[in-house]
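The chain contents come next:
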Amino acid sequence: MRTEFTPRPYQGMIIDHILDTPRCAVWAGMGTGKTVATLTAIDTLQMVEDGPVLVIAPLRVASDTWPNEVLKWNHLRGMNVSVITGTERERIAAIKAPAAVYATNYEQIVWLVEYWGDRWPYATVVLDESTKVKNFRLRQGGKRAQALGSIAHTKIKRLIELTGTPASNGLKDLWGQSWFIDAGARLGRSYSAFSQRWFREGFDGFSLVPVPSAQTEIQDKLRDVCLTIEAKDWFDLREPVVNDIMVDLPPKARKHYRDMEDEMYTELEGIEVEAFNAAAKTIKCLQLAAGAAYTDDTRTKWTETHKVKLEALESIVEEAAGMPVLVAYNFKSDLARLLKAFPQGRHLDKDPSTISDWNAGKIPVLFAHPASAGHGLNLQHGGNILVFFSPNFNLEEHLQIIERIGPTRQMQSGYDRPVFIHRIIARGTVDELVLERLTTKRRVQDILLDAMNRHKQKRKI
């Protein structure tokens, strides 16, 4: 369902910045609406400038976030996005499909540049998560950044960089990104010139340490092309910033889910009092939505059905760029998959050192079951980002884990920062019913019965 878009002040600033600055950067974190603001600016530009726009982003963001954002808003009704991913045959078909915006992932840059050669058609390019090109060097660095660099200032007229954390590893991250904007005019024609001007060799003889004036001078150099949106300046710190990330199950996983959903609604049909007689199948649907289902009654064996939620979490962790992330999971199978996918992460167990390490900033990703993160735990010192990987119907547990890092605790501890809550929701699944439970506080039984009736009506059409 499309809705009307009324830009918030900071989104208006983003739109104006993009329209007024042909080659620019927007530094704004997740939840600030920089995607819709960028699309709005693109929509305005395409009224006076011919040619399609290319968006380069992490895979999930390119294939899901950008095309779905267009579908949300009335003012973007005439805009369509073609996603250039998949096999070579699929990519060529997407390139040939008529569209206003084409979206691809960074892994396709080399292929895309080679495919078009001198015929490169995208005069405007958006680099979403521009830190992907931070390691660009004129004569070395990754092949992707090198391929993009070969056309950045010859075939691309407008270039827009988007990221929430442009310098997560320090000021040295800024040269590669700024080069794509101005070919080194502001920070130096080469990385060597940049480092010699603003850095000194560290005591270990290898690292680079910024000189005292580096921060101020570099910021001044970039001020006219870089717009910084600080969430704390625009959001009410007394309320968390909630961001629902919708993902789509792959076809095979969708079929498994639909089969189980049909059984669940069959169990529910005719039950007016004890809707949770179908509890086992409801839980199985939650497992399938999360990406793995138990295959035995002891819940020791499970089979993975998809990775789309893991990919969504990877994007969140990547955008956090080193800021600690607390992840709430539901099933033991979720935890096993999370620990495998994020080996740098740790489980919130009974070891007291885990909490102290988290609060000391030593754990980049902490996995916790809401039931084990209840009353009494203080996790606010460790971070302000919470992700619900696989939600459940228990409202009390949901609220309790939010409270562990919530706005009240942040302010009580003297932290002037908003709390971000990301909920990864599998579209068209029981996840959406859980979301309804958490936002409306309706009884689970009523929500399930209403969903069953909608399901029956849909089957009749």
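Residues numbered from 1 in each chain as written. Predicted model: local features only at pLDDT ≥ 70, side-chain atom pairs only at ≥ 80, totals over all residues. Heavy atoms only, no water.

K.L.:
Any chance you could explain the overall build of the chain here in plain terms?
P.N.:
Of the regular secondary structure elements, the chain holds 18 helices and 17 strands. A compact globule built from 461 residues should have a C-alpha radius of gyration of about 23 Å, and the chain, at 24 Å, falls within 12% of that. Projected onto its principal axes, the C-alpha coordinates of the chain cover approximately 70 × 55 × 40 Å. Expressed as a percentage of the 461 residues in the chain, the buried residues total 52%. (Helix = DSSP H or I, 4+ residues; strand = E, 2+ residues; numbered from the N terminus. Rg over C-alpha atoms; globule rule 2.2 N^0.38 Å. Buried < 20%, exposed > 50% of the residue type's maximum accessible area, 1.4 Å probe, protein only.)

K.L.:
Can you walk me through the packing of helix 8 (residues 191-198) against helix 9 (residues 214-222) in this structure?
P.N.:
To describe two helices that pack against each other, one gives the angle between their axes and the distance between the axes. Closest axis-to-axis distance for the helix 8/helix 9 pair is 10 Å, and the angle between their directions is 135 degrees. Looking at the two axes, helix 8 sits oblique to helix 9. Mapping the contact onto sequence places Phe-194, Arg-197 and Trp-198 in helix 8 and Ala-214, Glu-217, Ile-218 and Lys-221 in helix 9. Residues belonging to the contact of helix 8 with helix 9 are distributed by class as follows: four nonpolar, no polar and three charged. (Axes fitted to C-alpha atoms, helices over the stretch in contact; angles between N-to-C directions. Parallel < 35°, antiparallel > 145°, perpendicular 65-115°, else oblique. Contact = heavy atoms within 4.5 Å. Nonpolar A, V, L, I, M, F, W, Y, C, P; charged D, E, K, R; others polar.)

K.L.:
How do you make sense of the pattern of salt bridges when you look at a structure like this?
P.N.:
Where charged atoms from two side chains of opposite charge approach closely, those side chains can pair. A complete count under the given rule lists 22 salt bridges for this structure. Among the ionic pairs, Arg-423 bridges to Asp-244, the shortest N-O distance being 2.6 Å. On the criterion of sequence distance, the pair formed by Arg-423 in strand 17 (residues 420-426) and Asp-244 in strand 10 (residues 241-247) is long-range, its members being 179 residues apart. Residue classification places Arg-423 among the buried residues on the basis of a relative accessible area of 12%. Across the pair Arg-346 and Asp-357 runs a salt bridge whose closest N-O atoms are separated by 2.9 Å. (Salt bridge = Lys/Arg side-chain N within 4 Å of Asp/Glu carboxyl O.)

K.L.:
Quick question: what am I supposed to make of the packing of aromatic side chains here?
P.N.:
Think of a pair of aromatic rings as described by two things: how far the centres are apart, and how the planes are tilted against each other in angle. One pass over the structure, following the stated rule, counts 18 aromatic pairs. Ring centres 5.2 Å apart and planes at 90 degrees place the aromatic pair Trp-179 and Phe-180 in the edge-to-face group. Phe-180 carries the same exposure label as Trp-179, and that label is buried. Linked through ring pairs, Phe-136, Trp-175, Trp-179, Phe-180, Tyr-191, Phe-194, Trp-198 and Phe-199 together constitute an aromatic cluster. Positioned above the aromatic ring of Tyr-415 is the side chain of Arg-417, whose terminal nitrogen or guanidinium carbon lies 4.2 Å from the ring centre. (Phe/Tyr/Trp six-rings, centres within 6.5 Å; stacked < 30°, edge-to-face > 60°. Lys NZ or Arg CZ within 6 Å of the ring centre and 35° of its normal.)

K.L.:
Looking at this model, I keep getting lost on the layout of surface pockets. Mind explaining?
P.N.:
Empty space left among the atoms is revealed by rolling a probe the size of a water molecule over them. Counted as a void, the largest pocket has a volume near 1,000 Å³. Lining the largest pocket are 37 residues, and of these Thr-65, Glu-69, Lys-72, Asn-243 and Asp-244 sit closest to its centre. At the level of elements, helix 1 (9-20), helix 2 (34-45), helix 3 (59-72), strand 10 and helix 12 (308-320) are the ones that each hand at least two residues to the lining of the largest pocket. Element by element, the count of residues in the lining of the largest pocket is highest for helix 3, at eight residues. Class assignment of the residues belonging to the lining of the largest pocket gives a composition of 14 nonpolar, 11 polar and 12 charged. A volume near 850 Å³ is recorded for the second largest pocket. Taken together, 34 residues form the lining of the second largest pocket, with Gly-164, Thr-165, Pro-166, Ile-229 and Glu-230 sitting closest to its centre. Looking at the lining of the second largest pocket, the elements with two or more residues in it are strand 1 (23-28), helix 9, strand 9 (226-229), helix 12 and strand 17. (1 Å grid on protein atoms, 1.4 Å probe; cavity = no way out; pocket = protein on both sides within 12 Å on 5 of 7 lines; lining within 4 Å. Points joined across faces, edges and corners; volume = space filled by probe spheres on them.)

K.L.:
Can you walk me through the sheet that holds strand 5 (residues 124-128) in this structure?
P.N.:
Remark on secondary structure: sheet strands pair via backbone hydrogen bonds, oriented parallel or antiparallel. Pairing is parallel in the open sheet, where seven strands are placed in the order 3-4-2-5-6-1-9. Here the strands that pair on one side only, and so sit at the sheet edges, are strand 3 (81-84) and strand 9. Averaged over neighbouring strand pairs, the angle between their axes works out to 15 degrees when direction is ignored. (Pairing = 2+ DSSP bridges.)

K.L.:
What's the story with the packing of helix 2 against helix 3 in this structure? I'm lost.
P.N.:
Where helix 2 contacts helix 3, the axes come no closer than 10 Å and their chain directions differ by 65 degrees. The angle between helix 2 and helix 3 falls in the class roughly perpendicular. Regarding helix 2 and helix 3, the two cross each other, and that crossing is right-handed. Taken together, the residues of helix 3 that come into contact with helix 2 (itself represented by Thr-35, Val-36, Thr-38 and Leu-39) are Thr-65, Trp-66, Glu-69 and Val-70. (Left-handed = near helix turned anticlockwise from the far one by under 90°.)

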